[in-house]
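# Breakdown of the fold
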Amino acid sequence: MINKDNQFWCDLNEREEAWAYEKAEFDKKAHYYDGEAKGLARGRVEGKAEGKAEQVVKFYQKKYPNEDERWLENLTEKQYDEIFDKLLNDESIDEIKHRIDEMKKSC
């Protein structure tokens, strides 16, 4: 009887150890996949913003080929949206720059 009792507790300890190991492996994989998903999402957002900036710069260069476009670097997505709208509405460069300066001051 004592032998069966010892075997029961031994088996229980082995099952608990196996469960703890499996849980640790699951947690490790879940953490990896969660980090991967977050990285992919952040990459998509950054790619979208970079694509928007490139499109605005190209449109600006087509519309104003003799103008310097360096001032269009390192703007926010909202600022690029504003510039794009103003380019579509045929606003002057001075009006566009003035609006972007106002947006920078309010941030």
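The following paragraphs examine the structure supplied in this document. (Residues numbered from 1 in each chain as written. Predicted model: local features only at pLDDT ≥ 70, side-chain atom pairs only at ≥ 80, totals over all residues. Heavy atoms only, no water.)

Glancing now at helix H2 (residues 77-88). Between the first and last C-alpha of H2 there are 17 Å, a value that for 12 residues agrees with the 16 Å anticipated at 1.5 Å per step. Listed as buried for H2 are Gln79, Tyr80, Ile83, Lys86 and Leu87. Each buried residue of H2 sits inside an arc of 125° when the element is viewed along its axis, so together they form one side. Immediately beyond the C-terminal end of H2, within one or two residues, lies Asp90, with a positive phi of roughly 55°. (Helix = DSSP H or I, 4+ residues; strand = E, 2+ residues; numbered from the N terminus. Expected span 1.5 Å × (residues − 1). Buried < 20%, exposed > 50% of the residue type's maximum accessible area, 1.4 Å probe, protein only. Arc of directions from axis to C-beta.)

Here we come to unusual backbone geometry. A positive phi angle is found at Asn74, which is not glycine, with a value near 60°. Along the chain, Asn74 turns up in the loop between helix H1 (2-63) and H2. Non-glycine residue Asp90 carries a positive phi angle of around 55°. Mapped onto the elements of the fold, Asp90 is located in the loop between H2 and helix H3 (93-106).

Time to look at the packing of aromatic side chains. This model, assessed by the stated rule, comprises 4 aromatic pairs. Relative to Tyr33, the ring of Tyr32 has its centre 5.2 Å away and its plane inclined at 70°; by these criteria the two rings are edge-to-face. Taken as a pair, Tyr32 and Tyr33 share a single burial class, namely exposed. Each ring, one from Tyr60 and one from Trp71, has its centre 5.8 Å from the other, and the planes form 80°; the classification is edge-to-face. Of this pair, Tyr60 sits in helix H1 while Trp71 sits in the loop between H1 and H2, and the two are 11 residues apart along the sequence. Put simply, the rings of Tyr60, Tyr64 and Trp71 pair up and form one aromatic cluster. (Phe/Tyr/Trp six-rings, centres within 6.5 Å; stacked < 30°, edge-to-face > 60°.)

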